[in-house]
Amino acid sequence: MVRMLTPLILLLLAVHPGTPQHSPGTTHPPTTETVSLSSASSPSPSTTTAPSPSSTPAGSTPSVLSSSPSPLRPADATPTASVLTLTPTTPTLRLLSSSPAPNSTLLRSERPKSPTVASAVVVDEVEGAVWPVKREAVVEGDLVLGGLMMVHEREDSITCGPIMPQGGVQALEAMLYTVDRVNEDRDFLPGFTLGAYVLDDCDKDTYGLEMAVDFIKGSISNIDDAEFHCNKTQVRKVISGVVGAASSVTSIQVANLLRLFKIPQVSFFSTSPELSNKQRFEYFTRTIPSDHYQVKAMVDIVGRMGWKYISILYEESNYGIKAFEELEDLLATKNICIAIKEKLVKDSGVAGEHAYDSIVAKLLTKPRARGAIIFGSDQEVAGVMRAVRRANATENFSWIGSDGWSARNLVSDGNEVEVEGTLSVQPQANPVRGFEEYFLSLTVENNKRNPWFAEFWEAHFQCHYPNSSRTPYNQNFPGTCTGQETLTKENMAFEGQLQFVSDAVMAFAHALRDMHRDVCHGRHGLCDAMKPTKGTELLRYLRKVEFEGLSGDNFRFDPQGDGPARYNIIHFKQVSQGVFRWVRVGEYWEGELRLNMSEIQFKLGHPQPPESVCSLECELGQAKKYLEGESCCWHCFNCTQYQIRHPTDETQCLLCPQGTVPDQRHTKCEPIPEEYLRADSGWAIGAMAFSATGIVVTALVAGVFLRHHDTPVVRASGRELSYILLLGIFLCYAMTFILVLKPSDVVCGLQRFGAGFSFTVVYAALLTKTNRISRIFNAGKRTAKRPSFISPRSQLIICTGLTGFQVLINAVWMVVSPPSAVHHYPTRDDNLLVCSSSVNASYMISFSYPIVLIVICTLYAVLTRKIPEAFNESKYIGFTMYTTCVIWLAFVPIYFSTANNIAIRITSMSVTISMSATVTVACLFTPKLYIILVRPERNVRQSMMPVRYSAVRGPRHQSISGPTGVTSSVVGAGNLLGVLPPNHGMESGSHSDAGHSTNANNHSSTSKQLTTRGTQTLNCVNNAEKHVTINNTTHTMGNGPVSNNSQPNSPTKSADQCKSDLTL
């Protein structure tokens, strides 16, 4: 690659004359200067020359070396074959031959309008002098390091601007100082010394590239090919490595050139993230960290300030553009919006003041974006600050600065008020030990090796130094420098990042030492393997160095060849009225920002950071509606009563789930407290008191019945069914205590089962009882045959079967729909803990079967309403059914209208169930208890038989068959119901048969007696009847004895005597 490109580079250098080499400290008069043309010289826009050319010896090839002494060649080198004459009166370039050479030509070129890489030498005339004058600072050594410094500022109208004292002259002196310290330690580099060859790039990439061509001269002239050997008697020293450049854009240009010749490069101020790409910049390393980390630190500072809407100014260079790209990405991840983004002109020239005024005017169009990041160099930022002052917008902005302009006097001097409050990120650097003393001791006289020091001295003390060259910037200095001026700490501000310059030199020194140890095996002095050094090998050693620099910090390169990511956060603050100073307020170390907020004040007396947001944050309970085209500007609107702002989407309101309501600030949904009937509430206590009273009453009734178990009243009521009925009543009362429990799956299961089951037990017993009475009397009317299934055992089986059907219904229901406690939300403000069956009215499944039983019981009560009073319990059952229906009809609307009030709802259900049980106790058991407890004399068999039976009423003259049959039915019913003894029932049956025999006039005497006995019995039963026909004979019945016309001598019986007979 080098051999292919060398002819092209030589041709370029032949067309664009190079710059001669000068001894350190030499000055040049502002008269005509000549410079030798060399195929290896740099295409410099302005040059200084040796006083006169010399002839080339006959037969020798014209040399490409400069005629003046140079650190890159022996002093006795053959002069060039031709010289370039620069006249101060015309910009014409003339190539003059000092001795005829074959095929020599005369070139004429008019001065171009603007400097370019491919241009000829550009000469700026300054009252008879040329500007800029190419100079170099030289330190002799066995191995030479090239240096590329921005000694002068960048200027658009001419090639180089004014002298740059901090980042330029001080950086240059830091390099020379470090070289001196390395060479002073003779054991550090055994037997060889380190030299330096430093050039000025004027902070321009094109001009810096022209200067960098000098660094490859040795590599070109020492190529082992006879075609390119101009003179084998001279060997140009090869540059081992290059320190610089300062600007990222210049470093990129230079790195592309040095890469071709495998010359390692270590920059000290170039921070562009692009330079970390080792596929493109294999031979580039740097002691300063990449801007990638600086950008992260700046974004973290913006976040710490609470800014969400900022502007960005970035310079038009690789340094600024790459940083802006990363800023944009990182700010987006932090939801920080960019209000204004503007470029600061740099690569395309120098912007005028009107350009900066336009930028500031654009910034002012977004007044709420008070925070601004400026990623640029000091010259451009100084122009921005001047424009801010002209716009009277000092109070409108707070700056976050990059390392390219922070702590630079060029920016802050004269712009203190505009710069005040700036927070800036600077790579962490400590002072180079001994450098300040060294620099303050320098004068023009004792520092001849720095050819720009006289220019620095003039600019610093504002005087013209005797015999110094004229420049565009020293013509108006009022006086002449005496040489007695002194640099002091008071009048000299030092660059804070000179450590990186020193570390770059130290990195090369340590790499060369390590390489010498391995390659030369401890030999004193340089061995042939290091004459010259091989760039590839040196780069390998360079990347592995670890050392303690002159600043006291430990240094090593990271895997990308960058310096360690350590930053100081500095702050430009007004420490007292009118006194401004850069102070350290924090650090950024390994990705963590540490900031002392108590030390930060953006304006004197105002420690709080200014607000930099497009729209204020919405109040709690409000959502955002973004303005069209704006991602950080919005309007706020209130969420509704039951909404909160969406936790992840701030543009939407979120409806709180059922059972929750927004808190007072509408920031989160809070659960509504569960509402259920608590056992300690008044409603529950009232219901439980009522049920407890009913349980006590039920227990007393059961006790009375058990005590009088064998009495006629208890037997007539059906003892077994009465006990079952009392059990059902007890369960109804007990349901209240289950209903007031806190709902759970188990409790809900008990409620679902118990509510229907308790009613089923009650009405199954009642149905069985009414059915038995009805069947007995209906059968008695038709036949004397005993009805089936009227025994106590049969009644229990029937009642159990009826109850079991309810159990089956409940079992199937629980399998199909298991009981569970759920939260019910009848309104948005309710959270009722209830059983699921109470929500969907599925309780009706449990009550459906008992309702059927109630209806049937009611029908039976109606059908048996006319049976004898002694047996007529049906009317009490009927009254019970009617009352129950009324209670439940009243309950239904109460239950469904109190869905929002769980206390009333549960209480009403429990009270309704208890009242149904109470009605049953009162209607069915109170009459019996009255006889048992109050009228025990009626608790005998005679009182259980009917005194009057309305069914026997008929015409005054009626056959005995009718009344006798009814009487037989009544007596038989008394016997089957347990009122009469069994033989009494049989007698009744016999009486009926005797009646038939009498009608037939074909009876025996025994039958006649039985007929007479049956007639007397019927007379006792129907004591109030006036006329009864017996044996076709009309009898008149009254209060006295019965009159029998056919048998006058028959005895008569009173009613009491009849009752006495019925008990036999």
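What you see is a predicted model; the values in this text were computed from it and never measured.

**Observations concerning the overall build of the chain**
Turning to step 1, where the next piece is worked out: In terms of regular secondary structure, the chain is built from 29 helices and 36 strands.
Turning to step 2, where the next piece is worked out: Counting across all 1064 residues of the chain, residues that qualify as buried make up 54%.
Turning to step 3, where the next piece is worked out: Sequence-distant contacts in the chain: of pairs separated by 6 or more residues, those separated by 24 or more amount to 68%.
Turning to step 4, where the next piece is worked out: With an accessible surface of roughly 46,100 Å², the chain has 56% of that area assigned to carbon and sulfur atoms.

**Brief notes about the sheet that holds strand E17 (residues 371-375)**
Turning to step 1, where the next piece is worked out: Judged by pairing direction, the sheet is mixed, and its eight strands sit side by side in the order E16-E15-E17-E18-E19-E24-E25-E26 without closing on themselves. Edge strands, defined here as strands with exactly one partner in the open sheet, are strand E16 (337-344) and strand E26 (592-595). When the angles between neighbouring strand axes are averaged without regard to direction, this sheet yields 25 degrees.
Turning to step 2, where the next piece is worked out: Relative to E16, strand E15 (residues 309-315) runs parallel, the two being bridged by six bridges. Residue Tyr314 lies in a different strand from E16, and its bridge partner there is Lys343.
Turning to step 3, where the next piece is worked out: Running at roughly 175 degrees to E16, helix H8 (residues 353-364) makes contact with E15, E16 and strand E18 (398-401) of the sheet.

**Structural notes on the packing of aromatic side chains**
Two aromatic rings are characterised by how far apart their centres lie and by the angle between their planes.
Turning to step 1, where the next piece is worked out: According to the stated counting rule, one finds 32 aromatic pairs in the structure shown.
Turning to step 2, where the next piece is worked out: Look at Tyr177 and Tyr438: their rings are 5.0 Å apart centre to centre, the planes differ by 35 degrees, and that puts the pair in the tilted class. With Tyr177 in helix H2 (residues 165-184) and Tyr438 in helix H12 (residues 435-440), the pair connects residues that are 261 residues apart, well separated along the chain. For the pair Tyr177 and Tyr438, one class covers both residues: buried.

**Thoughts on the nonpolar core**
Turning to step 1, where the next piece is worked out: Formed by 74 residues in total, the largest nonpolar core has its most connected members in Met149, Met175, Phe268, Phe439 and Phe453.
Turning to step 2, where the next piece is worked out: Every element with two or more residues in this core is listed here: strand E7 (137-139), strand E8 (143-149), H2, strand E11 (194-200), H12, helix H13 (453-461), helix H14 (498-519) and helix H15 (535-543).
Turning to step 3, where the next piece is worked out: At 12 residues, H14 tops the list of elements feeding residues into this core.
Turning to step 4, where the next piece is worked out: When neighbours within four sequence positions are excluded, Phe439 is seen to be in contact with Val169, Gln170, Glu173, Phe453, Phe456, Leu487, Met492 and Phe494.

**Considering the pattern of salt bridges**
Turning to step 1, where the next piece is worked out: Counted according to the given criterion, the structure contains 32 salt bridges.
Turning to step 2, where the next piece is worked out: A salt bridge links Asp710 to Arg719, with the shortest nitrogen-to-oxygen separation between them at 2.8 Å.
Turning to step 3, where the next piece is worked out: We classify Asp710 as exposed; its relative accessible area is 57%.
Turning to step 4, where the next piece is worked out: One continuous salt-bridge network, built from bridges that share partners, spans Glu353, Asp357, Arg386 and Arg390.

**Re the packing of helix H6 (residues 291-305) against helix H7 (residues 318-333)**
Turning to step 1, where the next piece is worked out: At a minimum axis distance of 9 Å, the contact between H6 and H7 shows a crossing angle of 45 degrees. Considering the angle they form, H6 stands oblique to H7. Judged by the twist between their axes, the crossing of H6 over H7 is right-handed. Counting all contacts with H6, which are made through Asp291, His292, Val295, Lys296 and Val299, the residues of H7 involved are Tyr319, Ala323, Glu326, Leu327, Leu330 and Leu331.

**Here we look at the side chain of Arg719**
Turning to step 1, where the next piece is worked out: Following the sequence through the fold, Arg719 ends up in helix H18 (residues 719-739).
Turning to step 2, where the next piece is worked out: Within the local environment of Arg719, its side chain forms a polar contact with the side chain of His709, the two groups lying 3.1 Å apart.
Turning to step 3, where the next piece is worked out: Setting aside residues no more than four positions away along its own chain, Arg719 makes contact with His709, Asp710 and Val714.

**Section: the environment of Arg280**
Turning to step 1, where the next piece is worked out: With respect to the element layout, Arg280 can be found in the loop between strand E13 (265-267) and strand E14 (284-286).
Turning to step 2, where the next piece is worked out: By relative accessible area, which is 36% here, Arg280 ends up partly exposed.
Turning to step 3, where the next piece is worked out: Spatially, the C-alpha atom of Arg280 lies 9.0 Å from that of Ala255, the residues being 25 residues apart in sequence.
Turning to step 4, where the next piece is worked out: The contacts of Arg280, once residues within four sequence positions are left out, are Arg259 and Glu274.
Turning to step 5, where the next piece is worked out: Engagement of the side chain of Arg280 in a polar contact is seen with the side chain of Glu274, the distance being 2.2 Å.

**Regarding H14**
Turning to step 1, where the next piece is worked out: Its 22 residues place the ends of H14 32 Å apart at the C-alpha level, agreeing with the 32 Å of an ideal helix rising 1.5 Å per residue.
Turning to step 2, where the next piece is worked out: Burial of H14 is extensive: 18 of the 22 residues sit out of reach of the surface.
Turning to step 3, where the next piece is worked out: Just downstream of H14, His521 is the residue with a positive phi angle, here 55 degrees.

**Let's talk about the environment of Thr178**
Turning to step 1, where the next piece is worked out: If you trace the backbone, Thr178 turns up in helix H2.
Turning to step 2, where the next piece is worked out: Sequence separation between Thr178 and Asp503 is 325 residues, and the spatial gap between their C-alpha atoms is 8.6 Å.

**With respect to the pairing of E17**
Turning to step 1, where the next piece is worked out: When you tally the buried positions in E17, you get five out of five residues, the bulk of the element.
Turning to step 2, where the next piece is worked out: Covered by surrounding structure in E17 are Gly371, Ile373 and Phe375 together with Ala372 and Ile374, the residues of both alternating faces.
Turning to step 3, where the next piece is worked out: Here E15 pairs with E17 via five bridges, running parallel. Bridge pairing in E17 places Ile312 opposite Ile373.
Turning to step 4, where the next piece is worked out: As judged from the four bridges shared by E17 and E18, these two strands associate in the parallel manner. Residue pairing for E18: Gly371 is matched across the bridge by Ser398.
Turning to step 5, where the next piece is worked out: Once the chain exits E17 it traverses helix H9 (residues 378-390) before rejoining the sheet at E18, and the crossover so formed is right-handed.

**Some words on the sheet that holds E11**
Turning to step 1, where the next piece is worked out: If you trace the six strands from one edge of the open sheet to the other, you get E7-E11-E8-E12-E13-E14, paired in mixed fashion. A strand with exactly one partner marks an edge of an open sheet, and here the two such strands are E7 and E14. Neighbour-to-neighbour, the strand axes of the sheet open up by a mean angle of 20 degrees, direction not taken into account.
Turning to step 2, where the next piece is worked out: Here two bridges tie strand E12 (residues 239-243) to E13, and the two strands are oriented parallel to one another. Opposite Val242, over in E13, you have Gln265 as the bridge partner.
Turning to step 3, where the next piece is worked out: In the packing of helix H5 (residues 248-260) onto the sheet, the strands contacted are E8, E12, E13 and E14, and the crossing angle to E13 comes to about 170 degrees.

**Some remarks on the packing of helix H20 (residues 792-816) against helix H22 (residues 843-863)**
Turning to step 1, where the next piece is worked out: Where H20 meets H22, the axes come as close as 10 Å, and the angle between the chain directions of the two elements is 165 degrees. As far as their axial angle goes, H22 and H20 are roughly antiparallel. As H20 runs across H22, the sense of the crossing is right-handed. Each of Leu802, Phe805, Gln806, Ile809, Asn810 and Trp813 in H20 lies in contact with H22, whose residues at this interface are Tyr843, Ile845, Ser846, Tyr849 and Pro850.
Turning to step 2, where the next piece is worked out: Of the residues that constitute the contact of H20 with H22, the class distribution is eight nonpolar, three polar and no charged.

Criteria and cut-off values
Residues numbered from 1 in each chain as written. Predicted model: local features only at pLDDT ≥ 70, side-chain atom pairs only at ≥ 80, totals over all residues. Heavy atoms only, no water. Helix = DSSP H or I, 4+ residues; strand = E, 2+ residues; numbered from the N terminus. Buried < 20%, exposed > 50% of the residue type's maximum accessible area, 1.4 Å probe, protein only. Contact = heavy atoms within 4.5 Å. Areas by Shrake-Rupley, 256 points an atom, 1.4 Å probe, with all protein chains shown as cover. Pairing = 2+ DSSP bridges. Axes fitted to C-alpha atoms, helices over the stretch in contact; angles between N-to-C directions. Phe/Tyr/Trp six-rings, centres within 6.5 Å; stacked < 30°, edge-to-face > 60°. Core = buried A, V, L, I, M, F, W, Y, C linked by side-chain atoms within 4.5 Å. Salt bridge = Lys/Arg side-chain N within 4 Å of Asp/Glu carboxyl O. Parallel < 35°, antiparallel > 145°, perpendicular 65-115°, else oblique. Left-handed = near helix turned anticlockwise from the far one by under 90°. Polar contact = N/O pair within 3.5 Å; in protein donor to acceptor, adjacent residues only side chain to side chain. Expected span 1.5 Å × (residues − 1). Right-handed = clockwise from strand over helix to strand, strands pointing away. Nonpolar A, V, L, I, M, F, W, Y, C, P; charged D, E, K, R; others polar.

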